[in-house]
Amino acid sequence: MDIWTYQSVEYLTVAGEAWLASASEYPRSMRALWESRPWAPTVLPCGRAFDVVSMPALFGRRALDELWASGPGCGPVASYRGRLLIFVQPGAAPRLRTLLAWEEWARDVPPLLCHGQGDAVTVPPVQRMVDQPDSPGAGPGRWLIAPDSREPWLPGAAVLLWACVRAARGEDTPHAPARPEPAVARTPLTPRPVHLHPLPTA
């Protein structure tokens, strides 16, 4: 399943907006702010409604493809300043950080930023401006998959970990098997005749 062709939703539904606002300590004030400034990005705390894993955009796309290919799919996803923000279950960020420290796959997965309790992230506006730039690193960011329900499904640490491992190991191009050296035809050696001279007599 390719989310890049028909799963991308760039706008929040009313229910999705309510879920996103629930991350704030004052959700009513947050929704009032969005009503007056719907095109402004917002800083929200992690740990209450969601955690966020930030990864390089290209690698993040591979990881999302793996999430959808393996079945569960993903929850909300945003793009901000050249990175992908994947929203995960509360508490998943510190657990994923611990799992990534294992030597078995630490060298395969690029450095990820895991934002959990005590952290805050900048999320894109609830509405996208018509003339907003699409180039990475420009503009206030955008939703690739916007929240659309009050209880969106969010991946856990283990699900995202294996998606990242498969995405990282899938980048390696298998080496072609070594070709055997061609056999070199050897010319058989022809023994040379040995001439013996008689020993001189006394």
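Here the structure is a predicted model, which is why all the values come from computation and not from measurement.

1. Brief notes about the side chain of Ser24
At step 1: For Ser24, the location among the structural elements is in the loop between α2 (14-21) and α3 (27-36).
At step 2: For Ser24, the side chain forms a polar contact with the main-chain nitrogen of Tyr26, separated by 3.1 Å.
At step 3: In contact with Ser24, other than residues within four places in its own chain, are Met30, Leu44, Pro45 and Arg48.

2. A word on the nonpolar core
At step 1: Of all hydrophobic cores here, the largest spans 30 residues; its most connected members are Met55, Phe59, Leu96, Val109, Leu112, Leu160 and Cys164.
At step 2: Put simply, the parts of the chain that give this core at least two residues each are β2 (51-56), α4 (57-69), β4 (83-88), α5 (92-100), β7 (142-145) and α7 (157-169).
At step 3: In terms of residues, this core owes the most to one element, α7, which gives eight residues.
At step 4: Ranked by size, the runner-up nonpolar core spans 22 residues in total, among them Trp34, Val126, Ala146 and Leu154.

3. So, the packing of aromatic side chains
At step 1: Taken as a whole and judged by the stated rule, the model has four aromatic pairs.
At step 2: Measuring from centroid to centroid gives 4.8 Å for Phe50 and Phe87, while their planes differ by 70 degrees, and the two rings are edge-to-face. With Phe50 in the loop between β1 (42-45) and β2 and Phe87 in strand β4, the pair connects residues that are 37 residues apart, well separated along the chain. Of the two residues, Phe50 and Phe87, both sit in the buried class.
At step 3: Here the aromatic rings of Phe87 and Trp143 are separated by 5.5 Å at their centres, their planes lie at 35 degrees, and the arrangement is tilted. Separated by 56 residues along the polypeptide, Phe87 in strand β4 and Trp143 in strand β7 bring together distant segments of the chain. As far as the burial class goes, Phe87 and Trp143 line up, both buried.
At step 4: Three or more aromatic residues link up through ring pairs in this structure, and these residues are Trp19, Phe50, Phe87 and Trp143.

4. Focus: the confidence of the model for the chain
At step 1: Of the residues in the chain, 72% reach a pLDDT of 70 or more, and the chain-wide mean stands at 80.
At step 2: Every residue in residues 1-9 scores below 50 in pLDDT, and together they form 22 contacts with partners more than four places removed in sequence or on other chains.
At step 3: This stretch, residues 134-138, has a pLDDT under 50; its non-local contacts, to residues over four places away or in other chains, come to five contacts.

5. Points about the pattern of salt bridges
At step 1: Applying the stated criterion across every chain yields a total of three salt bridges.
At step 2: Here Arg166 and Glu66 are joined by a salt bridge, their closest N and O atoms 3.2 Å apart. Here Arg166 is found in helix α7, whereas its partner Glu66 is found in helix α4, with 100 residues between them in sequence.
At step 3: Residue Asp108 pairs with Arg169 through a salt bridge whose shortest N-O separation is 2.8 Å. A residue pair is termed long-range when its members are at least 10 positions apart, and Asp108 in the loop between α6 (103-106) and β5 (113-115) and Arg169 in helix α7 qualify at 61 residues.
At step 4: With a relative accessible area of 39%, Arg169 lands in the partly exposed category.

Reading guide: rules and limits
- Residues numbered from 1 in each chain as written.
- Predicted model: local features only at pLDDT ≥ 70, side-chain atom pairs only at ≥ 80, totals over all residues.
- Heavy atoms only, no water.
- Helix = DSSP H or I, 4+ residues; strand = E, 2+ residues; numbered from the N terminus.
- Polar contact = N/O pair within 3.5 Å; in protein donor to acceptor, adjacent residues only side chain to side chain.
- Contact = heavy atoms within 4.5 Å.
- Core = buried A, V, L, I, M, F, W, Y, C linked by side-chain atoms within 4.5 Å.
- Buried < 20%, exposed > 50% of the residue type's maximum accessible area, 1.4 Å probe, protein only.
- Phe/Tyr/Trp six-rings, centres within 6.5 Å; stacked < 30°, edge-to-face > 60°.
- pLDDT = per-residue confidence, 0-100.
- Salt bridge = Lys/Arg side-chain N within 4 Å of Asp/Glu carboxyl O.

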